[in-house]
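For reference, the chains in residue letters:
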Amino acid sequence: MNEPSPVAELSLHIALMSLMAVGGGVVLLAPQVGQYVVEGRHWLSNEQFSAAYAIAQAAPGPNLLFISLVGWLIGGWSGAIMTTVAVIVPSTLLTLSAIRWHAGRAGGRLSRALGEAFGPMSIGLMAATAWLFTGISNTDWRADVVTLLSALILLRTKVNPVLLIAAGAAAGALQVI
């Protein structure tokens, strides 16, 4: 029996994950796709995946652009197109169905319970994403210290995150980290 192509396999995986992408696709998909293509299938290295994610986040456009770039790295243009369709279509159809369902039941117990559950789920998934990328990008204890200090500053003050990003870039340029 023929094995599915890496692009077809990745697209199916992404389509299934996109149905559970609560709180924003990047929050759930980044760790899942990273684990799948790096550790599970060895199609990309940690560095390739991190670079794809960073490039896609720096580019203008939707946050899920990294999925297209990962697909392109694995399967060229067909990989980019298939993974983009896989991340957009299932979740869009689910969202439209949920909106239609919710419109008729707004204010009900289940609707309120789901609304209250999405906040903590999103925060947990965002923390998982941060943990994944911290493990990939921090190469020594100094980077861990900068990450910890940045997190504490963000949690305890109202400092603009862009200033912390600029400080991190400066520390990297000066080879402090």
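A quick note: this is a predicted structure, and the numbers were derived from the prediction, not measured.

Draft legend 1. Representation of the overall build of the chain within the structure. Within the chain one finds seven helices and zero strands. In terms of its C-alpha atoms, the chain occupies a principal-axis envelope of roughly 55 × 50 × 25 Å. Here the chain, with 177 residues, has 28% of them falling under the buried criterion. Considering only residue pairs separated by 6 or more positions, the chain has 57% of its internal contacts joining residues 24 or more positions apart. Only carbon and sulfur atoms are counted for the fraction: they give 69% of the accessible area of the chain, which is about 11400 Å².

Draft legend 2. Structural view of the packing of helix H3 (residues 46-58) against helix H4 (residues 65-103). Where H3 contacts H4, the two axes come as close as 8 Å, and the packing angle between them is 135°. Between H3 and H4, the interaxial angle falls into the category oblique. The handedness of the crossing between H3 and H4 is right-handed. For the pair formed by H3 and H4, the contact residues are Gln48, Phe49, Ala52, Tyr53, Ile55, Ala56 and Gln57 on the first element and Leu65, Phe66, Leu69, Val70 and Leu73 on the second. Residue classes in the contact of H3 with H4 are distributed as ten nonpolar, two polar and no charged.

Draft legend 3. Spatial organisation of the nonpolar core. Val33, Val37, Phe49, Phe66 and Val70 are the most contacted members of the largest nonpolar core, which has 23 residues in total. Counting residues per element, the ones that place at least two in this core are helix H1 (6-18), helix H2 (25-40), H3, H4 and helix H5 (109-137). At six residues, H2 tops the list of elements feeding residues into this core.

Draft legend 4. Region of interest: the pattern of salt bridges. By the definition in use, this model includes two salt bridges. The salt bridge involving arginine 41 is made with glutamate 9; its shortest N-O contact spans 2.4 Å. Note that arginine 41 is positioned in the loop between H2 and H3 and glutamate 9 in helix H1, a separation of 32 residues in sequence. With a relative accessible area of 41%, arginine 41 lands in the partly exposed category. Between arginine 142 and aspartate 140 there is a salt bridge, with its nearest N and O atoms 2.7 Å apart. What makes arginine 142 partly exposed here is its relative accessible area of 35%. Judged by its relative accessible area of 23%, aspartate 140 is partly exposed.

Draft legend 5. Looking closely at the packing of aromatic side chains. Enumeration over the complete set of coordinates arrives at three aromatic pairs. Ring plane angle 75° and centroid distance 5.9 Å describe the contact between tyrosine 36 and tryptophan 43, whose orientation is recorded as edge-to-face. A residue is classified by how much of its surface remains accessible, and tyrosine 36, at 13% relative accessible area, is buried. Tryptophan 43 sits in the partly exposed class, given a relative accessible area of 24%.

Draft legend 6. Here's a closer look at unusual backbone geometry. Unlike most non-glycine residues, histidine 42 shows phi in positive territory, near 60°. Positionally, histidine 42 belongs in the loop between H2 and H3. Taking the relative accessible area as the measure of exposure, histidine 42 reaches 62% and is therefore exposed.

Draft legend 7. Here's a closer look at the confidence of the model for the chain. Confidence in the prediction of the chain, expressed as mean pLDDT, is 84, and 94% of residues score 70 or more. Within the chain, H5 has the poorest average pLDDT of any element, 78, and H1 the best, 91.

Scoring rules and cut-offs
- Residues numbered from 1 in each chain as written.
- Predicted model: local features only at pLDDT ≥ 70, side-chain atom pairs only at ≥ 80, totals over all residues.
- Heavy atoms only, no water.
- Helix = DSSP H or I, 4+ residues; strand = E, 2+ residues; numbered from the N terminus.
- Buried < 20%, exposed > 50% of the residue type's maximum accessible area, 1.4 Å probe, protein only.
- Contact = heavy atoms within 4.5 Å.
- Areas by Shrake-Rupley, 256 points an atom, 1.4 Å probe, with all protein chains shown as cover.
- Axes fitted to C-alpha atoms, helices over the stretch in contact; angles between N-to-C directions.
- Parallel < 35°, antiparallel > 145°, perpendicular 65-115°, else oblique.
- Left-handed = near helix turned anticlockwise from the far one by under 90°.
- Nonpolar A, V, L, I, M, F, W, Y, C, P; charged D, E, K, R; others polar.
- Core = buried A, V, L, I, M, F, W, Y, C linked by side-chain atoms within 4.5 Å.
- Salt bridge = Lys/Arg side-chain N within 4 Å of Asp/Glu carboxyl O.
- Phe/Tyr/Trp six-rings, centres within 6.5 Å; stacked < 30°, edge-to-face > 60°.
- pLDDT = per-residue confidence, 0-100.

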